[in-house]
Amino acid sequence: MSRRLAGKTILITGASSGIGRSCALEFARTAPQDLRLVLTARREDRLKELAQQIRDEVGEGVKVLPVALDVSDPEQVKGFVERLPEEWRGVDVLVNNAGLVRGVARAPEIAEEDINVMFNTNVTGLIHMTQAILPIFKARPNGGAGDIINIGSIAGREPYAGGSIYCATKAAVRAFTDALRKELIDTRIRVMEIDPGQVETEFSIVRYYGDKAKADAVYAGVDPLTPDDIAEVVVFVAGRPQNVVVADTLIFPSHQA
Ligand code: NDP
């Protein structure tokens, strides 16, 4: 697999923590030679620390570029790839991972700001990132080539009370992903989705507006997935031969079955 990933440029959104961070490490460990990683998120300090960790662990075979990017800001996303230094523009794989849940509330009580933040990040941000990458992919021969790996959620398939907006955003990701795959059927651009169940990350801290005690209680007494469990699947699907599309993957801890 490392042979297939060698020489690739991978762009990951939401690489400053959780699943995105694990994806960066997993790509680097799997293909430690001749790989480029563009790591993006809003917290640039975290990205710089991660870049250093990767250099320390696998050496200079993997080149890492940490870049601050808020996917919910259309002005930052538009032309993002064109603004990268030239040797970083040939992105081969986009991992659309940035996302969040904010609040637990029944529909009548959901704060307007939370609705906007979730949709602007999870849906519109992901769509804008896809639009930013497609010209790069389509410029390649035979209709284009490249991989888009969208991180959805089990919540997009099995909505739950108190999470209607988050569930709706992930259902939207699912619909967008499926439609885009069909639009690109005549190309070598693969559009894939991975839907995690419960993963222990900073996700629940964000859900409870920074209340770590409440977040910790979510994982008490259960055995959630680790971000590495998801990262291994992301790197696996990216490493399949070009004609193999692992279109749709659902992965959850056994207690969630
Ligand atoms: P984390 O909170 O640990 O990571 C979320 C990442 O998204 C962070 O790196 C954060 O970086 C980034 N992010 C959030 N908002 C923005 C923004 N506007 N622009 C750019 N980056 C942003 O959570 P997870 O790792 O768990 O979440 C990753 C993905 O997995 C999300 O799409 C989530 O919906 C999905 N998921 C998570 C599950 C779970 O149980 N944990 C289950 C199913 C799906 P920063 O704050 O620095 O910008």
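Because the structure is a prediction, the values reported are computed rather than measured.

A. Main features of the site of the ligand. Taken together, 32 residues lie around the ligand, and Gly14, Gly18, Arg42, Arg43 and Gly99 are the ones closest in. The set of elements that each furnish at least two residues to the shell around the ligand consists of helix H2 (18-30), helix H5 (112-138) and helix H7 (203-207). It is H2 that provides the largest number of residues to the shell around the ligand, a total of three residues. Among the residues forming the shell around the ligand, the class breakdown is 13 nonpolar, 14 polar and five charged.

B. The confidence of the model for the chain, seen in detail. Taken over all residues, the pLDDT of the chain has a mean of 97, while the share at 70 or more is 100%. At the level of chain-chain contacts, confidence expressed as ipTM amounts to 0.99, with global pTM at 0.98.

C. Examining the pairing of strand E1 (residues 9-12) more closely. Taking every second residue as pointing to the same face, both faces of E1 are buried, with Thr9 and Leu11 on one and Ile10 and Ile12 on the other. Sheet analysis places E1 next to strand E2 (residues 35-41), joined by four bridges and oriented parallel. Each residue of the ladder has a partner; that of Leu11, found in E2, is Val38. In this view, the connection linking E1 to its parallel neighbour E2 by way of H2 has right-handed handedness.

Rules used in this analysis
Residues numbered from 1 in each chain as written. Predicted model: local features only at pLDDT ≥ 70, side-chain atom pairs only at ≥ 80, totals over all residues. Near = placed C-beta within 6 Å. Helix = DSSP H or I, 4+ residues; strand = E, 2+ residues; numbered from the N terminus. Nonpolar A, V, L, I, M, F, W, Y, C, P; charged D, E, K, R; others polar. pLDDT = per-residue confidence, 0-100. Buried ≥ 20, exposed ≤ 12 C-beta atoms within 10 Å, placed from the backbone. Pairing = 2+ DSSP bridges. Right-handed = clockwise from strand over helix to strand, strands pointing away.

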